[in-house]
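# Examination of the molecular architecture
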Amino acid sequence: MGIKKVKISSVKRAAHLKNKKAPQSKQQQQKLAQQKAAKEKAQNVFIQKARKKDSLAQKRRQNRQETRMSNLPPQSDEEDGDNLVDKVADMLEDEDLEYLQLSKNSKQRKRKYVEEVGEENHADLKYSISLEKQYASKTAEELENKKVKVNLLPIKSREGDIIARSAEVDYKAKIKNIRKQKAEEERNEDSVLEQEFYEDSDEDIVNDEDANIASINPENKVITTTDLLIARQQEIERQKYRIGIICSGILEKPEDKIRNFKALFELMDETTPTGSINLLTVRKLAIVSLTEIFKDILPEYRVGQVDTKMQHVRKATLQRVTYENALLQQFKKFLQRLEKLTAAVNRRGQTSKTPQAIKMAEVSVQSMCEILTAHPYFNYVKNVAQLLVYMLNCNYPRMREAVNQCFRYVFANDKKLEMSLFIIRRINHLIKTKNNNVNLECITCLMALKIKNVNLDLEKENELKQKKLEAHRQRVLNLSKKERKRRKKLAELNKELEETRAEENKQTKNYKLTEIVKMMFTIYFRVLKNDPNSKVLSAILEGLAEFAHVINLDFFADLIDVLNRILETQEDLGYREQLHCIQTIFAILSGQGEVLNIDPIRFYQHFYRNMLAVNAGKNHDDFCIILKTLDEVLVKRRRNISQQRLMAFVKRLLIVSLHLLHHGTLASLGTIKTTFQLTSVLDNLLDTDCSIGSGKYNPELEDPEYCNASCTALYELTMLTRHYHPTVRKMALHIANGVPATGEGSLPSEIGKLTALELFEQFDSTSMVFNPSIPVPPQTSSEPKIKKSKHSQLLKDVKLDYQKLFKEHFTHLEDTSKNSEIIDFYKELKLSC
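Rules and cut-offs
- Residues numbered from 1 in each chain as written.
- Predicted model: local features only at pLDDT ≥ 70, side-chain atom pairs only at ≥ 80, totals over all residues.
- Heavy atoms only, no water.
- UniProt positions renumbered as here; feature names shortened; annotations may be inferred.
- Helix = DSSP H or I, 4+ residues; strand = E, 2+ residues; numbered from the N terminus.
- Buried < 20%, exposed > 50% of the residue type's maximum accessible area, 1.4 Å probe, protein only.
- Contact = heavy atoms within 4.5 Å.
- Areas by Shrake-Rupley, 256 points an atom, 1.4 Å probe, with all protein chains shown as cover.
- Expected span 1.5 Å × (residues − 1).
- Phe/Tyr/Trp six-rings, centres within 6.5 Å; stacked < 30°, edge-to-face > 60°.
- Lys NZ or Arg CZ within 6 Å of the ring centre and 35° of its normal.
- Core = buried A, V, L, I, M, F, W, Y, C linked by side-chain atoms within 4.5 Å.
- Salt bridge = Lys/Arg side-chain N within 4 Å of Asp/Glu carboxyl O.
- pLDDT = per-residue confidence, 0-100.
- Axes fitted to C-alpha atoms, helices over the stretch in contact; angles between N-to-C directions.
- Parallel < 35°, antiparallel > 145°, perpendicular 65-115°, else oblique.
- Left-handed = near helix turned anticlockwise from the far one by under 90°.
- Nonpolar A, V, L, I, M, F, W, Y, C, P; charged D, E, K, R; others polar.

An unreviewed UniProt entry lists the chain under the name Nucleolar complex protein 3 homolog, from Glossina palpalis gambiensis. One UniProt comment on the chain, placed under Subcellular location (unreviewed entry), says "Nucleus, Nucleolus". In the Sequence similarities (unreviewed entry) part of its UniProt record, the chain is described as follows: "Belongs to the CBF/MAK21 family."

Pasting the structure below:
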């Protein structure tokens, strides 16, 4: 028989595929069985709810059908329904119609069965559900209280026996509940973290949403000072916490928290955007916090401006550029606010300057100083330096001192010398515009410049070198072609060698250093020439004495004449300024100035006269100037000084040492020791024979050449041998013995190697403590024996002699009155003795 093809409709095919079952594995079959069992268990519990839902759905359907039937006319509905049914029946086949009819009959049967069963067993279901609830609660209680025995890890005893262990723990059901709770907590945490990822966790603090709004007092109570102080302290603590949260967030990830700078800027102002007043302490804290943030997050390099619209950059580069531009804008806003705070104090003609404005200006200046020292080459830092130069001449000492210390630090640690050159140029401009009427800090800050090996005659040397090169060039032009090629290759090779040795960097550095020295001496010479009576003359002279070794040789003669005129004409010149003038002159004459034909006899007289101006009082630190000058006079120029003058200076120095503290005395003795070692002329001062020499020593004479110092001796050494400091005693004995290298009277090596300035610095006792410390002498157990002097022995002998004489003289007298007189005489004699 042949195979007959039967046409199957789409509805029939779908039903066939639905009823067709694919082969299942054992695991799938087990899962289905478990699901069926669970459904059967839960069916009795949820059957009532299901039936209620079915009944409600049926009622709703009936109501909808009734409303529809009531709205439409009956004849038209029946006709339309019959027409629709006939049309659908014509479209379907016979088999499809039978299938639809069967499915409709089965649904109607199921609905009738459910309604009949629900009405009959409604009471039974309620009772069964109550029993199941009681059973479930009892089983839950039993499971909570149920314990399970669990085997633990065994223990090995000392004897080597293995001991088994076990313990009772809660049932696993309780553990499952705990695990469920933990899983829920983890989900909640994940949701919180997701919210934090998309929203800042400190956003409410940055926006100050938790601020305590001051409530109006409905009872009209009297507010005391204590209440105000407590409220102020609470506000400060709240703002401290807020500033700390904002700053920690910025430091943690500044790329994402740039917008938080706005909240800190608002705290710097007097009032907030809402109208409330910021406390002074909070404003200071905001400035200090912003300063520390910028010190940490600002890069070491200078940020360049990149136009991302004109240039195609990578994504990472674009992110970095946008962050740097945003950071630069915030830094600019911060500096503008600081400038505004300082301008309120530094304006001309402004008389009403509140104490709060002055305090805020001090904090602002300190903040700018810290930024300049931390990042001297960042953007806008030159603007900061320019502003600080003007603050160097303000009317407030604390601000001037802060700027002075800042500039000293920059001068001492500036390796590129760009910032130092910029600052000194601005200082020169300030002094020039103010007509030398500036404060001392404008000059004293220049003392920190590290000027070494600077040759101001370099321009002349370069001119001579250029002339030689021109002559050499003419010779090269006359050479042959081969020799020119060879010289060209050698020149290229030498240029490459200079680049490897960083010769070009050295040249630029020397150029900057030379410019700094020129600018500094321009300031000094302008003040000396135009305004020698200026209040900054002392600082100018001190700077000249410090940097006299780098002055150009062409200025030596004119400078010495100016200093000599200042010493002779200005009567109000203090001893310190005179000492600085003398130090500058001798520093010039002991260096390159030896070629000058200048007789410094008048400067010897000034120096000899001013040596007695220093004592152990307030001006004891100025003795360091005398030591430096003595080093130039007695050590470096010992061959250019006469014997009488040398002895006079040594004698005067030893007299001055009696008026100083122990470290000053040690420094003066160190200078005398060095002079004794270099010359043998001073040995005559250790001889106490006054017959040697002509004339008599006059210590009050101001001219050291004619005071006859050779006719005296160094008697002061005997007093210094009984000094309270042991090192002074050793040094005095060492000089009195003729400065021996070994043997009796020699010094220990650690003291003998020190110079006068090193002795003055190392044995300094300004902190009221011996430095180095002196060991305490040992205490004796027995009391010290009192030695009887010769005079007491003589009195006893005289008493005995007089007693014998009186007895012999009055033995022949038997009168009692005379005996009584003798007894009274003895009493008086005893009292007198």
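Further remarks concern the overall build of the chain. Scanning the chain for helices and strands turns up 32 helices and two strands. The buried share of the chain, reckoned over its 833 residues, is 32%. For the chain, the proportion of contacts with a sequence separation of at least 24, taken over those separated by at least 6, is 70%. Working note: accessible area of the chain is about 58,100 Å², and carbon and sulfur atoms make up 52% of it.

So, on to helix α8 (residues 225–252). Taking 1.5 Å as the rise per residue, α8 with 28 residues should run 40 Å; its terminal C-alpha atoms sit 40 Å apart, in good agreement. All of the buried residues in α8 are I236, R238, Q239, R242, I243, I246, C247, G249 and I250.

A word on the side chain of N428. Positionally, N428 belongs in helix α15 (residues 418–433). Given a relative accessible area of 12%, N428 falls into the buried group. Those residues in contact with N428 that sit more than four places away from it in its chain are M519, I523 and R526.

Further remarks concern the packing of aromatic side chains. Enumeration over the complete set of coordinates arrives at 14 aromatic pairs. Here F294 and F331 contribute two aromatic rings whose centre-to-centre distance is 5.3 Å and whose plane-to-plane angle is 65°, an arrangement assigned as edge-to-face. One end of the pair, F294, is in helix α10 (residues 280–297); the other, F331, is in helix α11 (residues 315–346), with 37 residues separating them in the sequence. Side by side, F294 and F331 carry an identical accessibility label, which is buried. Members of the aromatic cluster, connected to one another through ring pairs, are F261, F265, F294, F331, F334 and F378. Lying over the aromatic face of Y377, K416 brings its terminal NZ or CZ to 4.8 Å of the ring centre.

This paragraph deals with the nonpolar core. Most often, soluble globular proteins keep nonpolar side chains buried together rather than apart. L388, F407, L446, Y524 and F623 are the most contacted members of the largest nonpolar core, which totals 159 residues. Per-element tally for this core: the top contributor is helix α19 (residues 503–530), with ten residues. Not counting residues up to four positions away in its chain, the partners in contact with L388 are V365, M368, C369, L372, V403, C406 and F407.

This brings us to helix α24 (residues 623–636). Three or four residues apart is the spacing at which side chains of an α-helix point the same way, because the helix has 3.6 residues per turn. Given a rise of 1.5 Å per residue, 14 residues ought to cover 20 Å, and the 19 Å separating the end C-alpha atoms of α24 matches this to within 8%. The buried fraction of α24 is high, at eleven of 14 residues. All of the buried residues in α24 are F623, C624, I625, I626, L627, T629, L630, E632, V633, L634 and V635. The elements touched by buried residues of α24 are α22 (575–590), α23 (601–610), α25 (643–657), α26 (662–678) and α30 (756–762).

In this section: the pattern of salt bridges. Taken as a whole and assessed by the stated rule, the structure comprises 16 salt bridges. Among the charged side chains, a salt-bridge network with shared partners connects E292, K295 and E370.

Before going further, it helps to examine the confidence of the model for the chain. Summary statistics for the chain give a mean pLDDT of 77 and a share of 69% for residues scoring 70 or more. Taken as a whole, residues 196–200 scores under 50 in pLDDT and shows three contacts with residues more than four places along the chain or in a different chain. A low-confidence stretch, residues 212–216 stays under pLDDT 50, and its non-local contacts, those more than four residues away or across chains, total one contact.

Below, the discussion takes up unusual backbone geometry. One non-glycine residue, L417, lies in the positive phi region at around 65°. Mapped onto the fold, L417 is located in the loop between α14 (397–413) and α15. Judged by its relative accessible area of 8%, L417 falls in the buried class. A positive phi angle is found at V739, which is not glycine, with a value near 55°. Here V739 falls in the buried class, since its relative accessible area comes to 14%.

It is worth spelling out the packing of helix α21 (residues 556–569) against α22 at this point. It is the contact of α21 with α22, at a shortest axis distance of 10 Å, that shows an interaxial angle of 155°. As judged from the angle between their axes, α21 and α22 are roughly antiparallel. The element α21 and its partner α22 pack so that their crossing is left-handed. In this structure, α21 uses F556, L559, I560, L563 and L567 to contact α22, whose residues at the interface are Q578, C581, I582, T584, I585, I588 and L589. Here the contact of α21 with α22 is built from residues that sort into ten nonpolar, two polar and no charged.

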